[in-house]
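Listed below are the residues making up each chain.
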Amino acid sequence: MDAETVVHTGGCHCTSVRWKVLAPSSVVVWDCNCSDCYMRGNTHFIVPADNFELLGDSGKFLTTYTFGTHTAKHTFCKTCGITSFYYPRSNPDGVAVSFRCVDPGTLTHVEIRHFDGKNWDSSYNQTGISSCSKVETHNIKN
């Protein structure tokens, strides 16, 4: 994916949780069918953790849910319940951003790929998802 890197902003439904993320304007998002993502309709793109920043006092509105290996940290707003981002098992050095929680205007293209979370190990090995949180150099536009 060769796309210009931009600053995206976004957050939860009630706006108590707000963040900014440095990512391409064209992203690959992962539609996962693990038990949690499937029920939430979670479709996300992954960035290096250093490219993600919580804004203001957003942290006080977050709570976390874990299950299974407890590696993934599913964060959500205590007020409205929306998971606008979380820390994925596939990329513990990254952040998974729910693409539908990005404010309009900065995403120019979204390619949806399937991640078979019901068969996590084989999907992890076959998709290359682990590379999504590696730092790349891009042209940055603010």
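Residues numbered from 1 in each chain as written. Predicted model: local features only at pLDDT ≥ 70, side-chain atom pairs only at ≥ 80, totals over all residues. Heavy atoms only, no water.

Asker: Where do I start with unusual backbone geometry in this structure?
Answerer: Negative phi characterises most residues that are not glycine, and trans characterises most peptide bonds. Look at Thr 15: it is not a glycine, yet its phi comes out positive at around 70 degrees. For Thr 15, the position within the fold is in the loop between strand E1 (5–11) and strand E2 (18–24). Positioned with a positive phi, His 70 is a non-glycine residue whose angle comes to about 60 degrees. With respect to the helices and strands, His 70 occurs in the loop between strand E6 (62–65) and strand E7 (74–77). (Helix = DSSP H or I, 4+ residues; strand = E, 2+ residues; numbered from the N terminus.)

Asker: Hey, could you run me through the environment of Cys 101 in this one?
Answerer: Within the secondary structure layout, Cys 101 lies in the loop between strand E9 (94–98) and strand E10 (109–115). C-alpha separation for the pair Cys 101 and Gly 11, spaced 90 residues apart in sequence, amounts to 5.6 Å. Apart from the residues lying within four places of it in its own chain, the contact partners of Cys 101 are Thr 9, Gly 10, Gly 11, Trp 19, Ile 82, Thr 83 and Ser 84. (Contact = heavy atoms within 4.5 Å.)

Asker: So what exactly am I meant to see when it comes to the confidence of the model for the chain here?
Answerer: Confidence in the prediction for the chain averages 86 pLDDT; 80% of positions are at 70 or higher. The weakest mean pLDDT in the chain belongs to strand E11 (residues 140–141) at 48; the strongest belongs to strand E5 (residues 52–54) at 98. (pLDDT = per-residue confidence, 0-100.)

Asker: Which parts of the structure should I look at to understand the sheet that holds strand E4 (residues 43–48)?
Answerer: Sheet strands pair via backbone hydrogen bonds, and the direction of the pair is either parallel or antiparallel. Taking strand neighbours across the sheet as the criterion, the five strands line up as E8-E9-E4-E3-E10 in an open arrangement whose pairing is mixed. In this open sheet, the two edge strands, each paired with only one partner strand, are strand E8 (85–86) and E10. The pairing of strand E3 (residues 26–32) with E4 spans two bridges and is antiparallel. Each residue of the ladder has a partner; that of Asp 31, found in E4, is Thr 43. (Pairing = 2+ DSSP bridges.)

Asker: How should I be thinking about the nonpolar core in this particular structure?
Answerer: Soluble globular proteins tend to bury their nonpolar side chains together. Ranked by internal contacts, the top residues of the largest apolar core, which has 18 residues, are Trp 19, Phe 45, Phe 52 and Val 97. Counting residues per element, this core draws most heavily on E2, at three residues. With sequence-adjacent residues up to four places away left out, Phe 52 is seen in contact with Trp 19, Lys 20, Val 21, Val 47, Phe 85, Val 95 and Val 97. Val 28, Trp 30, Cys 32 and Ile 46 belong to the second largest nonpolar core, which has nine residues in total. (Core = buried A, V, L, I, M, F, W, Y, C linked by side-chain atoms within 4.5 Å. Buried < 20%, exposed > 50% of the residue type's maximum accessible area, 1.4 Å probe, protein only.)

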